[in-house]
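Per-entry structural report
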Amino acid sequence: MMPRISPPSRAIASILRCKKASKSRRHYATAVTPSTSHDPISRVSPPIARFPPTQPPSYKPPEFRKSQLLRQYASLIRSTPLMVLFQHNNLKSPEWTGIRRELNKALRKVDDSRVAAGLPTENLGEGVKIQIIQTGIFESALKIVDFYKPESQPATLDPTDPSTPSSATIPIVKPDGSNLTHSLSEAAHAAINRKSHTLAPLMSGPIALLTFPTVSPEHLKAALCILAPVPGQFPAPTRRANPGWHDLPVQTGLQKLLLLGARVEGKVFDTEGTKWVGGINGGMEGLRGQLVAMLQGLGGHLTNTLESAAKNLYFTVEGRRTMLEDEGKESVDTKAGEAPKVE
Amino acid sequence: MAFEMRRQSKQCHCIYPCIFDAVFGALSITLKLPSAAMITKFLTEVKTVFNPFSAKAKTARIFLAFLPPNARQTMKVTTKLLPRVSRERSFVQLKFKDGKELTLDAEKLGIKGVIEEVDRHSRILSRQEELTGN
């Protein structure tokens, strides 16, 4: 039987082909298939996002606890420039409670002393936390943060925002999520494959993290005084100043807590390095003061050095000039003396 | 007829717990193998030296984690951390109640090997203790 609608003529077919970009393929009521090279519908990228913006499709199953822990650790590492690693050997819960209490108390004291010294209130002490981590998941989170640097972040355009130009193209995310760049994406998984992190050897056994929201040597020093006191450099609080620190649960807990190392601004430090960071006098302000003094000294030296070349030149030229003048005088004198002889 | 059925099913219920007991009893015996826990009763002194940034220091660190929570009250535990660049081997040094000293190469043995060595001597001591009746 002949189809009721005849296939489109050559001219109409070419018009249809031009419109392909905006319209999907045209359907016919009959079994006639057009010979044009239309993409099948399944390969056309969807014009609207098929998932909520907070739940992009992910490579690792998001409903598992370990996937969520990975996300949590990655975000923790990204937001924490200073973290200290401890090994905790079978601490009991009263011991943890006591240690956290003493730590909070010491950090609050640092905050108060900063306010008393006239510095702006930051309340860093509230952001400092000590927590136990799952080492394997934390290791891969470290690798994701340090090795996976997606070049192009998919732009976040909000089509409902009136300031968005109507001509702006909303970035199309492929339905399988292969061009997503979040921590659980396939790209992140591929980027960390067969790489080892500097902190990887530490990631075994029971590990606890002490995290700081900013690099603050003062707070680190206060924390080390509580958690890993060294007589002299990091003196433990005295019994009179802080009797709570000398409680039995705190003391037994601290004996079992072992300082292993630190990660400061992406760099890994061992025990000595951690103590060096904690031992910077006067915190970041002190460090800046030292730097300014050093640069000022350097500037003085630099001007002296630069000036010295000019001065040398001046003295040389001046010396030469006086020499020439002297010679000129001498020659004039000799000429004056010789002249009558020639005549 | 229905009564008969119920009686049979009741009997079945009676049989199952016996089987479960047998199975779980066997399981609990297997869980008491030395690999699960170390006999720390006879240790008086533990000394470990390791560089935490070496991958082979894992054994020494995990050994410390195997000591019970009250270990510091019953024995003397000293830990020395080497600097990051150090190439020295990590080891575990032990002293038992009878005065025997043991130095274990943690890098070669692995945690299972270390525990095996500790338990080997601890079992001798526990047997002696049982025989003397203390």
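The name recorded for chain B in an unreviewed UniProt entry is Large ribosomal subunit protein mL53, from Glarea lozoyensis. According to the UniProt record, the Subcellular location (unreviewed entry) comment for chain B is "Mitochondrion". Looking at chain B in UniProt, the text filed under Sequence similarities (unreviewed entry) is "Belongs to the mitochondrion-specific ribosomal protein mL53 family."

Taking an unreviewed UniProt entry as the reference, chain A is identified by name as Ribosomal protein YmL11, mitochondrial belonging to Glarea lozoyensis. Heading Sequence similarities (unreviewed entry) of the UniProt record for chain A holds this comment: "Belongs to the universal ribosomal protein uL10 family."

A few words on the interface of chain A and chain B. How big an interface is tends to be expressed through the accessible area that disappears when the partners come together. Contacts between chain A and chain B engage 24 residues on the former and 20 residues on the latter. Summed over both sides, the interface of chain A with chain B buries roughly 1700 Å², with 57% coming from carbon and sulfur. Broken down residue by residue, the surface that chain A buries against chain B is led by Asn90, Pro201 and Asp270 of chain A, which jointly contribute 26%. Put simply, chain A and chain B have zero salt bridges between them. Our count for the chain A to chain B interface comes out at nine residue pairs in polar contact (both at pLDDT 80 or more). Residue assignment for the side of chain A that touches chain B shows that the elements contributing at least two residues are helix H7 (248-255), strand S4 (257-264) and strand S5 (267-269) of chain A. Looking at the side of chain A that touches chain B element by element, the count peaks at four residues for S4 of chain A.

Take the sheet that holds strand S4 (residues 101-105) of chain B next. Backbone-to-backbone hydrogen bonds pair the strands of a sheet. The strands run either parallel or antiparallel. Residue and element names in this part refer to chain B. Spatially, four strands are ordered S2-S1-S3-S4 in an open sheet, and the strand pairing comes out mixed. A single partner strand is all that each edge strand has here, and the edge strands are strand S2 (76-81) and S4. In this sheet, neighbouring strand axes are inclined to one another by 10° on average, regardless of whether the strands run parallel or antiparallel. Sheet topology note: the strand S3 (residues 91-96)/S4 ladder contains five bridges and is antiparallel. Opposite leucine 94, over in S4, you have leucine 102 as the bridge partner.

Next up on the list: the layout of surface pockets. Considered as a void within the structure, the second largest pocket measures approximately 500 Å³ in volume. Along its surface, the second largest pocket is lined by 22 residues, and Leu254, Gln255, Leu257 and Leu258 of chain A together with Thr79 of chain B are the ones closest to its centre. Within the residue set of the lining of the second largest pocket, elements represented by two or more residues are H7, S4 and helix H8 (271-278) of chain A together with S2 of chain B. The biggest single contributor to the lining of the second largest pocket is S2 of chain B, with five residues.

Rules used throughout
Residues numbered from 1 in each chain as written. Chains lettered and ligands numbered in written order. Predicted model: local features only at pLDDT ≥ 70, side-chain atom pairs only at ≥ 80, totals over all residues. Heavy atoms only, no water. UniProt positions renumbered as here; feature names shortened; annotations may be inferred. Contact = heavy atoms within 4.5 Å. Buried area = accessible area lost by both parts, 1.4 Å probe. Salt bridge = Lys/Arg side-chain N within 4 Å of Asp/Glu carboxyl O. Polar contact = N/O pair within 3.5 Å; in protein donor to acceptor, adjacent residues only side chain to side chain. Helix = DSSP H or I, 4+ residues; strand = E, 2+ residues; numbered from the N terminus. Pairing = 2+ DSSP bridges. Axes fitted to C-alpha atoms, helices over the stretch in contact; angles between N-to-C directions. 1 Å grid on protein atoms, 1.4 Å probe; cavity = no way out; pocket = protein on both sides within 12 Å on 5 of 7 lines; lining within 4 Å. Points joined across faces, edges and corners; volume = space filled by probe spheres on them.

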